[in-house]
Amino acid sequence: MYPWYDYQRRLSPLKLAVFIALFVPGLWTAAAFAIGALEPRPLTAAIHHIGLWTIRFIIIALAITPLKAILSWPRLILVRRMVGVAACAYVLIHFSLYVTDEAFNLATVAHEILVRIYLTIGFTALVGLCVLAATSTDGMVRRLGRRWQQLHRLVYPIALLALIHYFMQSKLDVWEPTIFFGIYGWLMGYRLLAARFAVRGWLPLYWVAALGPVAAALTALGEAAYFHLAFHAPLLRVVAADFSLQTGVRPAVVVLALGLAVALAGAVRAVTMPAPKGRTRFARLPASQPPA
Ligand code: HEM
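Definitions and cut-offs
- Residues numbered from 1 in each chain as written.
- Predicted model: local features only at pLDDT ≥ 70, side-chain atom pairs only at ≥ 80, totals over all residues.
- Helix = DSSP H or I, 4+ residues; strand = E, 2+ residues; numbered from the N terminus.
- Buried ≥ 20, exposed ≤ 12 C-beta atoms within 10 Å, placed from the backbone.
- Contact = placed C-beta atoms within 7 Å.

A word on the overall build of the protein chain
A tally of helices and strands in the protein chain yields 13 helices and zero strands. Along the protein chain, helices and strands appear, N-terminal first, in the series α-α-α-α-α-α-α-α-α-α-α-α-α. When its C-alpha atoms are laid out on the principal axes, the protein chain stretches across 65 × 55 × 40 Å. Taken across its 292 residues, the protein chain has 31% of its residues classed as buried. Counting contacts in the protein chain only where the partners sit at least 6 residues apart, residues at least 24 apart contribute 64% of the total.

Some remarks on unusual backbone geometry
The amide bond that connects Glu39 to the next residue, Pro40, takes the cis arrangement and shows omega of 5°. With respect to the secondary-structure elements, Pro40 resides in the loop between helix 1 (13-34) and helix 2 (42-70). Even without being a glycine, Ser72 presents a positive backbone phi close to 50°. Even without a glycine there, the phi angle at Phe104 is positive, about 60°. The exposed category is assigned to Phe104, around which 10 C-beta atoms lie within 10 Å.

What follows is the structure, encoded as structure tokens:
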């Protein structure tokens with residue numbers, strides 16, 4: 001079955017659009033490489049571009065389940081596997097570019113992976129993503145049964161390893177990796193809350209609204225701890241800078257804005273959605289997911 005068909009074998013515009021979009025960063029990087037726009041170190045730049053999109057796809061794949069629930073958009077789940085498989089394809093390209101950069105010297109590559117801890121961590125994440133992609137077919141889902149879900153929960157530690165790899169190689173410029181850590185915290189927080197407080201898959205929207213500030217505070221603390229440990233910057237000064245806009249938009253502010261935007265979108269969706277038969281609109285208001 002083509003990837004742009006849904007389970008009823010009908011063309012899904014959503015799947016088709018996402019399928020095409022997943023190729024764009026790779027094609028853009030290839031084109032920029034071909035026309036010399038990635039100079040002075042095109043291979044290194046390509047490694048970075050593709051690595052960035054790998055981590056972005058991992059985070060997007062993790063965001064699909066919460067967004068599906070909060071936005072009452074069940075069909076979003078149709079694209080989760082596609083995005084996850086794309087993350088795996090991108091990391092394989094990222095790795096191949098690295099091997100090319102090492103002049104295909106596999107002994108050096110293996111040695112580097114063993115001695116450079118950020119590469120060891122990245123490689124572990126790569127192996128994990130490949131296992132998840134290889135077991136993501138309908139046949140494997142059927143064959144593995146309940147064990148499939150247990151296996152695919154590995155995506156959470158895999159994403160964490162991928163983030164650590166990203167953070168470690170970023171050295172001084174940790175703005176974007178810190179944002180990704182904050183979003184990851186939000187996504188994990190959502191799952192913990194949903195496991196505890198969701199009723200028939202519905203997590204009340206006030207929990208979603210509270211999660212943004214909590215994830216932002218953790219992001220600020222994490223950033224302050226990093227600058228304190230790595231550069232001996234005073235903890236409180238970094239935390240204060242995190243929430244003032246004087247030093248630009250800090251990661252904690254981005255995480256806060258995203259968290260609140262998702263909660264707001266969920267509220268708008270809850271108000272505008274037609275109420276199910278026999279229930280008032282207000283009965284659904286606190287919930288973030290309607291019955292399927
Ligand atoms: C899921 C696994 C992985 C993810 C998500 C990932 C992601 C990333 C990201 C986001 C960057 C930085 C991009 C930037 O700052 O612009 C990066 C850099 C890099 N990654 Fe990975 N990566 C993964 C696995 C690997 C593996 C397996 C290798 C090689 C064994 C590798 C080698 C590199 C190298 C050499 C750099 C550039 C470091 C530098 O320029 O100092 N990565 N990766």
